[in-house]
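# Residue-level structural notes
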Amino acid sequence: MTRLFRPLSITVKSYVRFYSNQLAMQSRVFKYARRFEGLPKITDFELKTEELKALEENEILCEGRFWSVDPYMRVYVERHPLGITMIGGQVAKVIESKHPKYPLNSWIFAYFGWSTHNIINPDKAPEEAQFRSLPELGTLSPSLALGNLGMPGNTAYFGLLELCHPKPDETVVVSGAAGAVGSAVGQIAKIKGCRVVGIAGGPEKCSWLTKEMGFDAAIDYKSQDVRKALKETAPKGVDCYFDNVGGEISSAVIRHMNLHGRIAVCGAISSYNDDVKNWPKVPHLQPEFVFKQLKMEGFIVTRWLHRWMEGILQIKQWMKEGKIKSPETFTDGFENLPQALIEMLQGKNVGKAIVRAKI
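Below is a summary of the structure that appears in this document.

Rules used throughout
- Residues numbered from 1 in each chain as written.
- Predicted model: local features only at pLDDT ≥ 70, side-chain atom pairs only at ≥ 80, totals over all residues.
- Heavy atoms only, no water.
- Helix = DSSP H or I, 4+ residues; strand = E, 2+ residues; numbered from the N terminus.
- Buried < 20%, exposed > 50% of the residue type's maximum accessible area, 1.4 Å probe, protein only.
- Contact = heavy atoms within 4.5 Å.
- Areas by Shrake-Rupley, 256 points an atom, 1.4 Å probe, with all protein chains shown as cover.
- Salt bridge = Lys/Arg side-chain N within 4 Å of Asp/Glu carboxyl O.
- Pairing = 2+ DSSP bridges.
- Right-handed = clockwise from strand over helix to strand, strands pointing away.
- Disulfide = S-S within 2.5 Å.
- Axes fitted to C-alpha atoms, helices over the stretch in contact; angles between N-to-C directions.
- Parallel < 35°, antiparallel > 145°, perpendicular 65-115°, else oblique.
- Left-handed = near helix turned anticlockwise from the far one by under 90°.
- Nonpolar A, V, L, I, M, F, W, Y, C, P; charged D, E, K, R; others polar.
- Expected span 1.5 Å × (residues − 1).
- Phe/Tyr/Trp six-rings, centres within 6.5 Å; stacked < 30°, edge-to-face > 60°.

A count of helices and strands for the chain gives 10 helices and 15 strands. Taken over 359 residues, the chain has a buried fraction of 50%. Considering only intrachain contacts with a sequence separation of at least 6, the fraction spanning at least 24 residues in the chain is 68%. Accessible surface, the chain: about 18,000 Å² in total, of which carbon and sulfur atoms supply 54%.

The next subject is the pattern of salt bridges. Per the stated rule, a full pass over the model turns up 16 salt bridges. With a shortest N-O distance of 2.9 Å, arginine 74 and glutamate 78 are connected by a salt bridge. Residue class for glutamate 78 comes out partly exposed when judged on its relative accessible area of 33%. Several salt bridges converge on common partners, so that one network encompasses Glu162, Arg307 and Glu310.

This next bit is on the pairing of strand S11 (residues 238-243). Burial analysis of S11 places 6 of its 6 residues in the buried class, which makes it a mostly covered element. Taken together, the 3 bridges between strand S8 (residues 171-175) and S11 define a ladder with parallel strand orientation. Paired with valine 174 across the bridge in S11 is phenylalanine 242. Note: S11 against strand S12 (residues 257-265), 5 bridges, orientation parallel. Within S12, the residue paired with aspartate 243 across the bridge is valine 265. Regarding topology, helix H7 (residues 247-255) serves as the crossover connection from S11 to the parallel S12, and that connection is right-handed.

Attention now moves to H7. All buried positions along H7 are accounted for by Ile249, Ser250, Ser251, Ala252, Val253 and Ile254. The secondary structure elements touched by the buried residues of H7 are S8, strand S9 (195-200), helix H6 (226-233), S11, S12 and helix H8 (286-292).

Our next topic: the state of the cysteines. Per the counting criterion, the structure on display carries 0 disulfides. Cysteine 194 takes part in no disulfide bond, and the closest cysteine sulfur to it belongs to cysteine 240, at a distance of 6.3 Å.

A few words now on the packing of helix H3 (residues 151-164) against helix H4 (residues 180-191). At a minimum axis separation of 8 Å, H3 and H4 run at an interaxial angle of 50°. Classified by the angle between their axes, H3 and H4 sit oblique to one another. As for the relative orientation of H3 and H4, their crossing is right-handed in sense. Counting all contacts with H3, which are made through Pro152, Thr155, Ala156, Tyr157, Leu160 and Leu161, the residues of H4 involved are Ala180, Val181, Ala184, Val185, Ile188 and Ala189. Partitioning the contact of H3 with H4 into residue classes produces 11 nonpolar, 1 polar and no charged.

Turning our attention to unusual backbone geometry. Phi at histidine 165 takes a positive value of approximately 50°, unusual for a residue other than glycine. The residue histidine 165 is located in the loop between H3 and S8 in this model. Although it is not a glycine, histidine 260 sits at a positive phi angle of roughly 65°.

In this section: the sheet that holds strand S10 (residues 217-220). Read across the sheet, 6 strands follow the order S10-S9-S8-S11-S12-S13 without closing on themselves; strand pairing throughout is parallel. Each of the sheet's edge strands pairs with one partner strand only, and the pair in question is S10 and strand S13 (295-298). Averaged over all pairs of adjacent strands, the angle between strand axes in this sheet comes to 15°, irrespective of strand direction. Strand direction decides the pairing type here: S9 and S10, joined by 4 bridges, are parallel.

If you check H3, its first and last C-alpha atoms are 18 Å apart, about what 14 residues at 1.5 Å a residue would give, namely 20 Å. Counting buried positions over the 14 residues of H3 gives 13, a clear majority of the element. Histidine 165 sits one or two positions beyond H3 and adopts a positive phi of about 50°.

What follows covers the packing of aromatic side chains. This structure, assessed with the given rule, holds 16 aromatic pairs. On the basis of an interplanar angle of 35° and a centroid distance of 6.5 Å, the ring pair of phenylalanine 66 and tryptophan 107 is categorised as tilted. In this pair, phenylalanine 66 is assigned in strand S3 (residues 60-68) and tryptophan 107 in strand S5 (residues 107-110), connecting sequence segments 41 residues apart. Here the aromatic rings of tyrosine 157 and phenylalanine 158 are separated by 4.9 Å at their centres, their planes lie at 90°, and the arrangement is edge-to-face. For tyrosine 157, a relative accessible area of 9% gives the class buried. The structure contains a cluster of three or more aromatic residues connected by ring pairs, namely Phe30, Tyr32, Phe36, Phe45, Trp67, Trp114 and Phe334.

Written out as structure tokens, the structure reads:
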């Protein structure tokens, strides 16, 4: 009986392996199906299944475990044609490999978009994929590669330090302060010895910024007059402004800036869901720039791709020293990516908004 049973056992195991591989050769993907009108809707995306080819030499099969939802997606995707896989970064695990440098269970980051499985040859990865292995994380979650140990963290690091050049005892104001980038900017500014004022929506977020993130003060733009509140929270004026939102909030901050103030423009989320025809009229700010000799510069963080790991490793060290916290708001289930994007654009997250796979 034993001899008869062993071949059957091997056959069953082989079938299970074959069946598992067949499943892995399919990928679920969200397609950008309809142009956004105002806030994105669930129906603007279409969930499909795509077949993947068998692995060739030096290729790896990556299974998505964490997906990022970020404000930039709202505007960037509209530059693309309908029908593409929705854009975005993800942290994935290597579940099959024919590449000697990427063994099973290793972790990678790439801009694969909203997809569950992808095949790639790391040696031939296009530059726009920003394919890379995750640094050694120890007990830290791989999801952090989508937040403080990834694009948002480096956006805060390089945007603040390279463009604003904060000095000890200066006042730094951050709009969108409760988000992934804003919360990191405020903490880095504190490390540099600055007074930090965050602007966010709602008393809960403002309380969180001061009690959990270490900001010196916070302004609730939903219930407070930002211009009046700045006189109280930044009595010496504003030296550095990290702008994530644009609009009336930014106009109020700029009017309160000091001589030789510096402004880093990271985003304009306050108008992302507005039709161009409904964009707010811009106040007359040129005199502020002339007489206060202000400097304002917009940026995209890929400017510093050649120094990418510098920011990651420095922030990782600050985290190890307890100087930076990395809050994350999770949504479970790949199928909930559209809803997570919508809720992030509505400001329902604190810190980094992430969708994680149900494993």
